[in-house]
Amino acid sequence: MVDGGILRDLDVLDLSWGISGPMTGMLLADHGARVTRIEPPTGDPFADLSGTRVWLRGKRRATLDLRDAADRDVFLALARKADVVIESFAPGVAAKLGIDHSRLLAANPRLIHCSITGYGETGAHAGRPAYDALVAARTGQQFESRGVVGTTIGRLSGTEVLPGYEGPEGSFVGADRPGPLFSGIPWISLATFYNASVAINAALVARETTGRGQHVHTSLLQGALATTFCAWQRVERADRAGFNSWIFDPRAPKGFYRGADGKWTHHWVPLPSFILRAAELESLDADAKLPAPRDAPMRISPGADDMVVLHAYHQQMSDAVAKFPAADWAKLAARVGVPVQEVRSPEDALRDPLLLEDGCVVEVDGVRMVGRTYQFEKTPAPPIRGVAAAGEHTDDVRREAQDAPFVTATSKGRQIASPLEGVVVLDLGLAVAGPYGTQLLSDLGANVIKVNNPLFDSFWLQTSIGMACNRGKQAITIDLKTADGMATLHDLVRTADVVQHNMRYDAAERLGVDYESLKKVNPDLIYCHTRGHDPARMLLPGNDQTAAALAGASWMEGGAESGATPIWPNTSLGDTGNGFLSAIAILQALYHRNRTGEGQYVETSILYAHLLNTSLASVDMTGAGSGRPILDAEQLGWNDRYRLHETADGWLCVALATDQQVAHFQQITSGDLRTRSASQWFKELDAAGVPCEVADEDFVLGLYDDPEMIAKRWVVSYEQPLVGRMDVAGLLFDLEETPGVVQGPPIVMGQDTRRVLERLGYDDARIDDLIASGAVAEAPSALTS
């Protein structure tokens, strides 16, 4: 076991501010990197944001004026020996300061320079203000929080779900008004943090092969695409049975029901039979036995047309849950293996002793906050340190600059086309959290082999959500409950670098695909397990929704403090955030193995992702919260400076960062925006330098035909055998020297079974025997030709 963390030898300079960059630096510091935050003499303009006391932890802090030649020389000297630089300057600012990536990489060829922008370093939107809510408004992402009637997939594809259908009163998601919703959680900034973290760690892996660093980039616009990757798909045959889902439609309630004590529960997915049977009991105590099944569906299918079934039982389920306290429902659900959790605030999550014991919540300098969000068997993270004072390390940094050496690229490197070229990943995952993480690895060039589960994948891979998580992979169907099937898997494991899955670990042990079993087959294996919750709840059914309830994400997103109903949004980063964390952890494990030859066990969870997603929240030792922003009940904004305004025609979003901007806004509007249209207000306010955007529900309609988006590969198109042409989100990060690659469309179950086995050295007769015995299966030739 190695002390100091897996990144203990890395030197990072953090010039960023806001949310995405500071969180990226925090995650590197959490795993041992020495992160030095360089701040201007005027201080951090976002220092008052509540998450700052979380995101600045573990970093040294130095004050330098990069407009001053002497201080700039200090920074350039530090950059000559650094491994990573993170910055979030507006396009062109770094060049004006003389610290752009071209100059830094010329002086230090091993440097990884990460730029985070609003909309890219060039392009039609590049000059727009880069605030989370403004990007959400400009791109129309604010409409996707609760979804678009008929679904955006239906709107883009001409196959609207249940046109003209209204649904019962009270079933609509979110505030009882038309228009976009302001998010209680800055999803776009969070997605950008995940994107930047993947890009930096991928570049570190590539550097071990090439000997060279590179410039990497991501943007808030790519963050918006990461939050809408499922909902924003344009598909030729979107009306194929089972493809689209009511999950993306705001007419469909999402399983939030209030208990007898007034507290909210989240049932996902809603199970009418369970709820209505339980409601027949006198109590839900430990001795309660559920009555025989009723004449009600066991489960509401996510298929688009089953929204009608959901509505038919919605009020009955709501009335039934109201019979007992929320905690009693969660306890009963745990006993019978049903996914239900009580919805709690993020502060209550941080007070959970089970999370503190696990280490995913920590207490640092008397403040409770999110802790370790993934862990390694052999390279554990060091203890998390607190927040240094501004300028505390300035003198140390100046002394270090005097001794900074010049760095040259190693001569033994070789060129590679993508960061994970030659890396083989076995994907044993289900649903979203597992497969999304391996899809990110595929986008980085890995050869990802999806080992299909014959029961689950036979329907899941035909859905819009399943397809959104399984592009660019190869697919082999194996029955792991047969001896020949397991022997085949072992042959794959021998050739693999990584195995990843998100099944419950006891199920993996029963199947014989747990870490202890597979490392006997391949001792150098990196084995990543992602789960729903923390170890104390690891055997409970877990998903994005229940983890969001436990961590406080649904509470924050809906503005529950203000009396509103919690929301699980379409833009959530629970499953996908867990996928990002698994990809980041695997990249760091590969980085470590490239340097030491040592594989290891890695784990993370959906709950951990949601604790990061709610890291605006922290709690001090007196029990007081961090003063995080609170969403109002109408879901219009965090405060008067950062919010949506209804106009005579449309909605305008503002981000008034300075008192001068507030004064200009008030002078121009006189506080009443309903007298003119959003576009008229935008023209006048934008000309006066007031940061604002029109909430544009139609942005997505032009997204997939935009030459700039296509050229940047931020959107891509491919032909999929079941649904035809698909236009979808593309690369979420840009690596200049070893770019990512979208390797192909979403897979069909078993489409590559024969090809994968042939590469293992199996001849046709052996493959035919395995197929005949049922140990493996292949897709019909009509779908693979």
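K.L.:
What is the right way to look at the overall build of the chain in this model?
P.N.:
Of regular secondary structure, the chain possesses 33 helices and 28 strands. Over its C-alpha trace the chain gives a radius of gyration of 26 Å, about what one expects of a compact globule, namely 28 Å for 785 residues. Along the first, second and third principal axes, the C-alpha atoms of the chain reach 75 × 70 × 55 Å. Sorting the 785 residues of the chain into buried and exposed places 62% on the buried side. Counted over contacts in the chain with a minimum sequence separation of 6, partners at least 24 positions apart contribute 77%.

K.L.:
Looking at this model, I keep getting lost on the sheet that holds strand E26 (residues 724–729). Mind explaining?
P.N.:
Two modes of strand pairing occur in sheets, parallel and antiparallel, and in both the strands are linked by backbone hydrogen bonds. Reading across the sheet, the three strands line up as E7-E26-E25 and stay open at both edges, with antiparallel pairing between neighbours. Each edge of the sheet is formed by a strand with only one pairing partner; in this case those strands are strand E7 (234–235) and strand E25 (715–720). The pairing of E7 with E26 spans two bridges and is antiparallel. Its bridge partner lying in E26, Val-235 is registered against Met-726.

K.L.:
Looking at this model, I keep getting lost on the pairing of strand E12 (residues 367–370). Mind explaining?
P.N.:
Here strand E11 (residues 361–364) runs beside E12; their pairing, made up of four bridges, is antiparallel. Across the sheet, the residue bridging to Val-361 is Val-370, located in E12. Here E11 folds back onto E12, and the loop between the two strands holds two residues, one of which, Asp-365, carries a positive phi near 50 degrees. Relative to strand E20 (residues 619–620), E12 is paired through two bridges, and the arrangement is antiparallel. Within the sheet, the bridge partner assigned to Val-367 lies in E20 and is Asp-620.

K.L.:
Help me understand the packing of helix H25 (residues 575–596) against helix H26 (residues 606–613) in this model?
P.N.:
The axes of two packed helices give the description: the angle between them and the distance between them. The N-to-C vectors of H25 and H26 enclose an angle of 100 degrees; their axes lie 8 Å apart at closest approach. When the axis of H25 is compared with that of H26, the two are roughly perpendicular. Contacts from Asp-575, Gly-577, Asn-578 and Leu-581 of H25 reach H26 at Ile-606, Tyr-608, Ala-609 and Leu-612. Partitioned by chemical class, the residues of the contact of H25 with H26 number five nonpolar, two polar and one charged.

K.L.:
In this structure, what is going on with the packing of aromatic side chains? I would like to understand it.
P.N.:
Two descriptors summarise a pair of aromatic rings, namely the distance from one centre to the other and the angle between the planes of the rings. A full pass over the atoms with the stated rule returns 21 aromatic pairs. Ring centres of Phe-193 and Tyr-194 lie 4.8 Å apart, and the angle between their planes is 35 degrees; on these two criteria the pair is classed as tilted. Side by side, Phe-193 and Tyr-194 carry an identical accessibility label, which is buried. Summarising the aromatic geometry, the rings of Phe-456 and Trp-460 are spaced 5.5 Å apart at their centres and angled 35 degrees between planes, so their arrangement reads as tilted. Exposure remark for Trp-460: the relative accessible area of 12% places this residue in the buried category.

K.L.:
Can you walk me through the side chain of Asp-44 in this structure?
P.N.:
The residue Asp-44 is located in the loop between strand E2 (34–39) and helix H2 (52–55) in this model. Taking the relative accessible area as the measure of exposure, Asp-44 reaches 15% and is therefore buried. A polar atom in the side chain of Asp-44 sits 2.6 Å from the side chain of Arg-37. Apart from residues lying up to four places away in sequence, Asp-44 is in contact with Trp-17 and Arg-37.

K.L.:
I keep staring at the environment of Lys-520 and nothing clicks. Help me out?
P.N.:
By secondary structure assignment, the location of Lys-520 is in helix H22 (residues 515–521). On a C-alpha basis, the gap between Lys-520 and Glu-509 in space is 14 Å, while along the polypeptide they are 11 residues apart.

K.L.:
For this particular structure, what's the right way to read the pairing of strand E9 (residues 264–267)?
P.N.:
Walk down a regular strand and you will see the side chains alternate between the two sheet faces. Burial of the side chains of E9 extends over both faces: Trp-264 and His-266 are buried on one face and Thr-265 and His-267 on the other. Relative to E9, strand E8 (residues 256–258) is paired through three bridges, and the arrangement is antiparallel. Note on E9: the bridge partner recorded for Phe-256 is His-266. Linkage of E8 to E9, two consecutive antiparallel strands, is achieved through a turn of five residues, within which Gly-262 is found at a positive phi near 85 degrees. Across three bridges, the pairing between E9 and strand E10 (residues 340–342) is antiparallel. Bridge pairing in E10 links His-266 to Gln-341.

K.L.:
I keep staring at unusual backbone geometry and nothing clicks. Help me out?
P.N.:
Both trends apply: most residues other than glycine have a negative phi, and most peptide bonds are in trans. Between Trp-268 and Val-269 the backbone carries a cis peptide bond, its omega angle lying at -10 degrees. Structurally, the position occupied by Val-269 is in the loop between E9 and helix H11 (272–278). Within the chain, Gln-635 stands out as a residue other than glycine whose phi angle is a positive 55 degrees. Mapping Gln-635 onto the fold places it in the loop between E20 and strand E21 (637–639). Although it is not a glycine, Ser-670 sits at a positive phi angle of roughly 55 degrees. Position of Ser-670 among the secondary structure elements: in the loop between helix H27 (659–669) and helix H28 (678–687). The exposure class assigned to Ser-670 is exposed, which follows from its relative accessible area of 65%.

K.L.:
Explanation requested: the sheet that holds strand E18 (residues 526–531) in the structure shown.
P.N.:
Pairing in this open sheet of eight strands is mixed, and the strands run E13-E19-E18-E17-E14-E15-E16-E28 from one edge to the other. Each having just a single partner strand, strand E13 (374–376) and strand E28 (776–777) make up the two edges of the open sheet. Examined bridge by bridge, strand E17 (residues 498–501) and E18 share four bridges and lie parallel to one another. Residue Val-498 lies in a different strand from E18, and its bridge partner there is Ile-526. The sheet strands contacting H25 are E13, E17, E18 and strand E19 (601–605), and the helix crosses E18 at an angle near 160 degrees.

K.L.:
Is there a simple way to explain the packing of helix H9 (residues 187–210) against helix H10 (residues 220–227) in this structure?
P.N.:
At a minimum axis distance of 7 Å, the contact between H9 and H10 shows a crossing angle of 100 degrees. Between H9 and H10, the crossing angle belongs to the class labelled roughly perpendicular. Contact with H9, carried on its side by Trp-187, Ile-188, Ser-189, Ala-191, Thr-192 and Asn-195, involves Leu-220, Gln-222, Gly-223, Ala-224, Ala-226 and Thr-227 of H10 and no other residues of that element. Partitioned by chemical class, the residues of the contact of H9 with H10 number six nonpolar, six polar and no charged.

K.L.:
For this particular structure, what's the right way to read helix H1 (residues 20–30)?
P.N.:
Note that an α-helix has 3.6 residues per turn; residues three or four places apart therefore point the same way. The element H1 is largely enclosed, with a buried count of 11 among its 11 residues. Just downstream of H1, Gly-32 is the residue with a positive phi angle, here 105 degrees.

K.L.:
Even after reading the chapter, I still don't get the nonpolar core, so can you show me in this structure?
P.N.:
Generally speaking, soluble globular proteins have nonpolar side chains that are buried together. The biggest cluster of nonpolar side chains holds 183 residues, and the ones touching the most others in it are Phe-274, Leu-420, Leu-611 and Leu-703. Met-486, Val-493, Tyr-505 and Leu-770 belong to the second-largest nonpolar core, a separate cluster that totals 31 residues.

So, how was this worked out
- Residues numbered from 1 in each chain as written.
- Predicted model: local features only at pLDDT ≥ 70, side-chain atom pairs only at ≥ 80, totals over all residues.
- Heavy atoms only, no water.
- Helix = DSSP H or I, 4+ residues; strand = E, 2+ residues; numbered from the N terminus.
- Rg over C-alpha atoms; globule rule 2.2 N^0.38 Å.
- Buried < 20%, exposed > 50% of the residue type's maximum accessible area, 1.4 Å probe, protein only.
- Contact = heavy atoms within 4.5 Å.
- Pairing = 2+ DSSP bridges.
- Axes fitted to C-alpha atoms, helices over the stretch in contact; angles between N-to-C directions.
- Parallel < 35°, antiparallel > 145°, perpendicular 65-115°, else oblique.
- Nonpolar A, V, L, I, M, F, W, Y, C, P; charged D, E, K, R; others polar.
- Phe/Tyr/Trp six-rings, centres within 6.5 Å; stacked < 30°, edge-to-face > 60°.
- Polar contact = N/O pair within 3.5 Å; in protein donor to acceptor, adjacent residues only side chain to side chain.
- Core = buried A, V, L, I, M, F, W, Y, C linked by side-chain atoms within 4.5 Å.

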